[in-house]
Structures are given as C-alpha cells and as structure tokens.
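# Structural features, examined
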Amino acid sequence: MHKGIALYPGSFDPPTNGHLDLIERGAKIFEELVVAILRNSEKSPMFSVAERLEMLRELTTDLKNVRIDTFDGLMVEYAKSLDATCILRGIRAISDYEYELQMALMNRKLEPALETVFMMPADKYSYVSSRLVREVAQVGGPVKGLVPDVVEQKLRQKLDPAYKLSESRMISVTRKAKKRKTKA
Ligand code: PNS
C-alpha cells in the first residue's frame, strides 16, 4: 500500500460504476483516498454538488480510507492543501488518453511534486461515462448495471415525471390520511 494521500478529482455527474470501480481499486493501493467533486464547473450539471456528495458518500461508506469532499479553483492547489502526493485518474480507452495526458502535464507544470497515477477500470465499464448515462437516462433508456442502484433511483426520481407524480400522490394521500386522523 502506498503511504500518503491520493486525490481522485472529477465531476461525477452522476457517479457511475466505472467511478466506483476506480475508487475501490484506488482504496486498495493508497493509504487514504480523497474523492473530490469540482464545484465551479462551467457545465450545467444534472445533479447539484450536494446530491453528488450524498450519492458518493452513500456508495463509499464501507471504504474506511475513502473520504468525499468538494473543491473549487485549481485542483493542484486543493491537492496541496490536503498534502496529497498523487492524483488518481481513470483511463478507459485510448480516446481518454489525449485529454488526460494534457491535463497531467499541465498539472505537473503547475505543481511538479504532484504525480498523476492512471488506473484502468474493469473492461466491462470501458464504455461507461457520466455523459452517456445522462443521455440514455434523459430519453428514458435503461441504465441498470452502468450506475450503482442508488444513482439509478436518483436518476429516475429526477427524470421520470410519472415517478414524481406517483411520489406526490403518495405525499398527498399521506397528508389526507393525517388530516382525517386529526379530525377524528
Ligand atoms: O470528471 P472530469 O470532468 O473529467 O474532471 C475534470 C477535473 C475536475 C479533474 C478538471 O477539470 C479539474 O481539475 N478542474 C479544476 C480546475 C483545474 O485545476 N484545471 C486545470 C487542469 S489541467
């Protein structure tokens, strides 16, 4: 096990099984792993930072050396504030490499003491990305097996009007039942 803190930064919008796979692998080789969600992204996210934080915390409760946090501004500055020695990033396919290489080299230029470590998620997740999960879910497609169950449920709550309707009906039924009880 590598002594010290590693930082796994990302958008995690939403967290996928590929992210979780990488977190589990990272937790096995680093003494402590901080998974951090970027707060000030220019992209308009599907899930708020608070929702992503909650999902990631729920997914990693059993991993005792994993901590979930958020960060703003330059990633290397945040890494320094943690005393992290490594940045962990996942590479699924060669198409990820160019972007990741550019980012790793820029981060090295900004902070030479910080090493970027790449790991590959399980090959069954090699095509899974948050963007594609959002795209499939937005048009009602199945995302089972691509994201953890808790994320699938959150996606359904967010996107399925029928789900929302049945939820609000449940709420109004419960409220009516409560009113009836208090009147009686
Ligand atoms: O999951 P993503 O969206 O590919 O993660 C990208 C992320 C958050 C790691 C990257 O955009 C980032 O570190 N942003 C913070 C600002 C920063 O330090 N930019 C310089 C990176 S070279």
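Refer to the structure above for everything that follows.
Below is a summary of the structure that appears in this document. The structure presented is a predicted model; accordingly, all values stated were derived computationally and were not measured.

### Focus: the overall build of the chain
- Regarding its fold elements, the chain presents seven helices and five strands.
- Secondary structure elements in the chain, listed N-terminal to C-terminal, are β-α-β-α-β-α-β-α-β-α-α-α.
- For the chain, restricting intrachain contacts to residue pairs at least 6 apart in sequence, the fraction spanning at least 24 positions comes to 75%.
- A total accessible area of about 11300 Å² is found for the chain, and carbon and sulfur atoms account for 56% of it.

### So, empty space enclosed by the protein
- Tallying each qualifying case throughout the model produces one cavity of 30 Å³ or more.
- Its volume calculated, the largest cavity comes out at about 40 Å³.
- Taken together, Met75, Ile87, Arg89, Glu100, Met103, Ala104, Asn107 and Thr116 form the lining of the largest cavity.
- Elements with a minimum of two residues in the lining of the largest cavity: β4 (84-90) and α4 (94-110).
- Among the elements that take part in the lining of the largest cavity, α4 stands out by supplying four residues, more than any other.

### Overview of unusual backbone geometry
- The linkage connecting Asp13 with the following residue, Pro14, adopts the cis geometry, with an omega of 0 degrees.
- Here Pro14 is to be found in the loop between β1 (2-10) and α1 (17-29).
- The phi torsion at Phe12 lies on the positive side, around 50 degrees, for a residue other than glycine.
- With respect to the helices, strands and loops of the structure, Phe12 is situated in the loop between β1 and α1.
- One non-glycine residue, Asp83, adopts positive backbone phi at about 70 degrees.
- Note on placement: Asp83 falls in the loop between α3 (75-82) and β4.
- With a relative accessible area of 62%, Asp83 lands in the exposed category.

### A word on the layout of surface pockets
- As a volume, the largest pocket reaches approximately 1300 Å³.
- Among the secondary structure elements, those contributing two or more residues to the lining of the largest pocket are β1, α1, α2 (49-59), α3, β4, α4 and α5 (130-138).
- A total of eight residues in the lining of the largest pocket trace back to one element, the largest contributor, which is α4.
- Its residues assigned to classes, the lining of the largest pocket shows 21 nonpolar, 15 polar and 11 charged.

### Description of the site of the ligand
- Around the ligand, the structure places 14 residues, and the nearest of them are Ser11, Lys43, Leu74, Met75 and Arg89.
- For the ligand, the protein covers 77% of the area, taking 540 Å² as the surface of the free molecule.
- Mapped by element, the contributors of at least two residues to the shell around the ligand are β1 and α4.
- Per-element accounting of the shell around the ligand gives the leading share, four residues, to α4.

### What about the packing of α2 against helix α6 (residues 149-159)?
- Look at α2 against α6: their axes get within 10 Å of each other, and the N-to-C directions meet at 155 degrees. Overall, the two elements α2 and α6 adopt an arrangement that is roughly antiparallel. Between α2 and α6 lies a crossing whose hand is right-handed. Listed contacts from α6 to Glu51, Glu54, Met55, Glu58 and Leu59 of α2 are Val150, Val151, Lys154 and Lys158.
- Grouping the constituent residues of the contact of α2 with α6 by class yields four nonpolar, no polar and five charged.

Parameters at a glance
Residues numbered from 1 in each chain as written. Predicted model: local features only at pLDDT ≥ 70, side-chain atom pairs only at ≥ 80, totals over all residues. Heavy atoms only, no water. Helix = DSSP H or I, 4+ residues; strand = E, 2+ residues; numbered from the N terminus. Contact = heavy atoms within 4.5 Å. Areas by Shrake-Rupley, 256 points an atom, 1.4 Å probe, with all protein chains shown as cover. 1 Å grid on protein atoms, 1.4 Å probe; cavity = no way out; pocket = protein on both sides within 12 Å on 5 of 7 lines; lining within 4 Å. Points joined across faces, edges and corners; volume = space filled by probe spheres on them. Buried < 20%, exposed > 50% of the residue type's maximum accessible area, 1.4 Å probe, protein only. Nonpolar A, V, L, I, M, F, W, Y, C, P; charged D, E, K, R; others polar. Near = heavy atom within 4 Å. Axes fitted to C-alpha atoms, helices over the stretch in contact; angles between N-to-C directions. Parallel < 35°, antiparallel > 145°, perpendicular 65-115°, else oblique. Left-handed = near helix turned anticlockwise from the far one by under 90°.

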